[in-house]
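Tertiary structure, described
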Amino acid sequence: SGLLSGKNILVMGVANDRSIAWAIAQSLASQGAKLVFTYESERVQERVSKLASTIEDSVVLPCNVTVDEDIDGLAEKLKAEFGVLHGVVHSIAFARTEELEGMFVDTSRDGFALAQDISAYSLVAVAKRMYPLMTEGGSIMTMTYMGAQRVMRNYNVMGIAKASLEASVRYLASDLGQYGIRVNGISAGPIRTLAAKGIKDFNSILKQVEEKAPLRKTTETAEVGDTAMFLMSHLSRGITGEVIYVDGGYNIVG
Ligand code: 0WD
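Since this is a predicted model, take the numbers as computed values, not measurements.

Reading the values: the criteria
- Residues numbered from 1 in each chain as written.
- Predicted model: local features only at pLDDT ≥ 70, side-chain atom pairs only at ≥ 80, totals over all residues.
- Core = buried A, V, L, I, M, F, W, Y, C linked by C-beta atoms within 7 Å.
- Buried ≥ 20, exposed ≤ 12 C-beta atoms within 10 Å, placed from the backbone.
- Contact = placed C-beta atoms within 7 Å.
- Helix = DSSP H or I, 4+ residues; strand = E, 2+ residues; numbered from the N terminus.
- UniProt positions renumbered as here; feature names shortened; annotations may be inferred.
- Near = placed C-beta within 6 Å.
- Axes fitted to C-alpha atoms, helices over the stretch in contact; angles between N-to-C directions.
- Parallel < 35°, antiparallel > 145°, perpendicular 65-115°, else oblique.
- Left-handed = near helix turned anticlockwise from the far one by under 90°.
- Nonpolar A, V, L, I, M, F, W, Y, C, P; charged D, E, K, R; others polar.
- Expected span 1.5 Å × (residues − 1).
- Pairing = 2+ DSSP bridges.

In this section: the nonpolar core. Counting residues in hydrophobic clusters, the biggest one holds 74 residues, and the most contacted among them are Leu10, Val11, Ile24, Leu28, Val89 and Met130. Setting aside anything within four residues of it in sequence, one finds Val89 in contact with Ile9, Leu10, Val11, Met12, Ala21, Ile24, Met141 and Ala228.

Attention now goes to the environment of Asp110. When you line up the elements, Asp110 lands in helix 4 (residues 109-130). Accessibility expressed as a C-beta count within 10 Å gives 11 for Asp110, which makes it exposed. With 25 residues separating them in the primary sequence, Asp110 and Thr135 have C-alpha atoms 37 Å apart.

What follows deals with the UniProt feature "binding site: substrate" (unreviewed entry) in the protein. When the UniProt feature table is mapped onto this chain, "binding site: substrate" (unreviewed entry) is found at Ala95. Mapped onto the elements, Ala95 comes out in the loop between strand 4 (87-90) and helix 4. Dropping the residues within four chain positions of it, Ala95 is found in contact with Leu100, Gly111, Leu114, Ala115, Ser119, Val157, Met158 and Ala161.

Ser19, Ala93, Met143, Thr193 and Ala195 are the nearest of the 25 residues found near the ligand. Residue assignment for the shell around the ligand shows that the elements contributing at least two residues are helix 1 (20-30) and strand 5 (138-144).

The next subject is the packing of helix 4 against helix 5 (residues 156-176). Axis separation between helix 4 and helix 5 bottoms out at 9 Å; the angle between their running directions is 20 degrees. It follows that helix 4 is roughly parallel to helix 5 by the angle criterion. For the pair helix 4 and helix 5, the crossing hand works out as right-handed. Residues Gly111, Phe112, Ala115, Gln116, Ser119, Ala120, Leu123, Val124 and Ala127 of helix 4 pack against Val157, Met158, Ala161, Lys162, Ser164, Leu165, Ser168 and Leu172 of helix 5. Tallied by class, residues from the contact of helix 4 with helix 5 come to 11 nonpolar, 5 polar and 1 charged.

Turning our attention to the UniProt feature "active site" (unreviewed entry) in the protein. Per the UniProt record, "active site" (unreviewed entry) is found at Tyr145 and Tyr155. Residue placement: Tyr145 occurs in the loop between strand 5 and helix 5. When the 26 C-beta atoms within 10 Å are taken as the criterion, Tyr145 is described as buried. Along the polypeptide, Tyr155 turns up in the loop between strand 5 and helix 5. Contact partners of Tyr155, with chain neighbours within four places excluded, come to Gly147 and Ile199.

So, about helix 5. When the terminal C-alpha atoms of helix 5 are compared, their 30 Å separation across 21 residues agrees well with the 30 Å that a helix rising 1.5 Å per residue should span. Taken residue by residue, helix 5 has Asn156, Val157, Met158, Gly159, Ile160, Ala161, Lys162, Leu165, Glu166, Val169, Leu172 and Leu176 as its buried positions. In the core, the buried residues of helix 5 are packed alongside helix 4, strand 5, strand 6 (181-188) and strand 7 (243-246).

Within the secondary structure, Leu133 is located in the loop between helix 4 and strand 5. Sequence separation of Leu133 and Ser204 is 71 residues, and the distance between their C-alpha atoms is 43 Å. Ignoring anything within four residues of it in the chain, the contact list for Leu133 reads Ala75, Leu78, Lys79, Val84 and Leu85.

One can describe the packing of helix 3 (residues 68-82) onto helix 4 by two numbers: an axis separation of 9 Å at closest approach and a directional angle of 35 degrees. Two packed elements cross with a definite hand, and for helix 3 against helix 4 that hand is right-handed. Together, Asp68, Ile71, Asp72 and Ala75 of helix 3 and Ala125, Val126, Arg129 and Met130 of helix 4 make up the contact between the two elements. In the contact of helix 3 with helix 4, the residues fall into 5 nonpolar, no polar and 3 charged.

Here we have 7 strands laid out as an open sheet, ordered 3-2-1-4-5-6-7, and parallel in their pairing. Looking along the sheet, the strands with just one partner apiece sit at the ends: strand 3 (59-62) and strand 7. Direction aside, the axes of adjacent strands within the sheet are offset by 20 degrees on average. The strands touched by helix 3 are strand 1 (8-12), strand 2 (34-39) and strand 3; relative to strand 3, the strand with the most contacts, the crossing angle is about 155 degrees. Packed on one face of the sheet, helix 7 (residues 221-232) meets strand 1, strand 4, strand 5, strand 6 and strand 7 and runs near 165 degrees to strand 6.

Here it is as structure tokens:
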């Protein structure tokens, strides 16, 4: 039993045990959800499979979100295996490291397009193919960052991609509400993960949060995991098109 028993939830974006998606998976599994993990490429397949094997009954499937046929194939497999899907966790982003330092004005055309494609459009592409499987209603969520709303040093092109992602959350919520499907984002405080390695001066960002955030500490992945669990559950049934900050309150003072 649990808040999510009987629910089939897709979790996209586990790269290793530090990934935010992995903490989310732990929280969802603790409430009885059945999980399907996807991995981007063979590069991470073994790691994801090994992690998934620690969660009872979970399934692992390939899906590079830049490839439409991959997402089509994923939807087909999910339909065959489960019939109904209740939730989607999108925890995926990418920008070239050379675009994550210096001046934003130097962003290249293809660097801009790549960041948009993987970090924002992928949510739309996934939602488009998954909502027809969510015949009992459900919840879709993604991961965003305050750099969408305010200028954060070095976040640059990813800030624009996150702004696009947050607007996509609102438009998707508007479209899918009629099917009982909610769409929300979690804006997490900075957490040291593989993706964070690409951002210059990450240590000083963490130090600022420790000093200034109302809770005087940096964000832990488990805190994000539990908020994701709430968003996947019936408890959040009145919330859609929203971005919830899980950042120790930093956004109100930063
Ligand atoms: O401070 C942080 N770490 C924050 C992260 C603060 C606020 C938000 N976020 C966001 C990120 O922008 C991202 O959207 O949370 C999400 C998850 O990021 P993470 O857990 O910090 O990072 P990571 O463990 O690296 O997971 C992101 C993964 C990729 O990992 P790598 O490092 O191998 O690129 O996104 C996946 C991949 O597993 N990914 C893809 N998946 C499918 N198709 C693709 C792709 N084309 N590209 C990247």
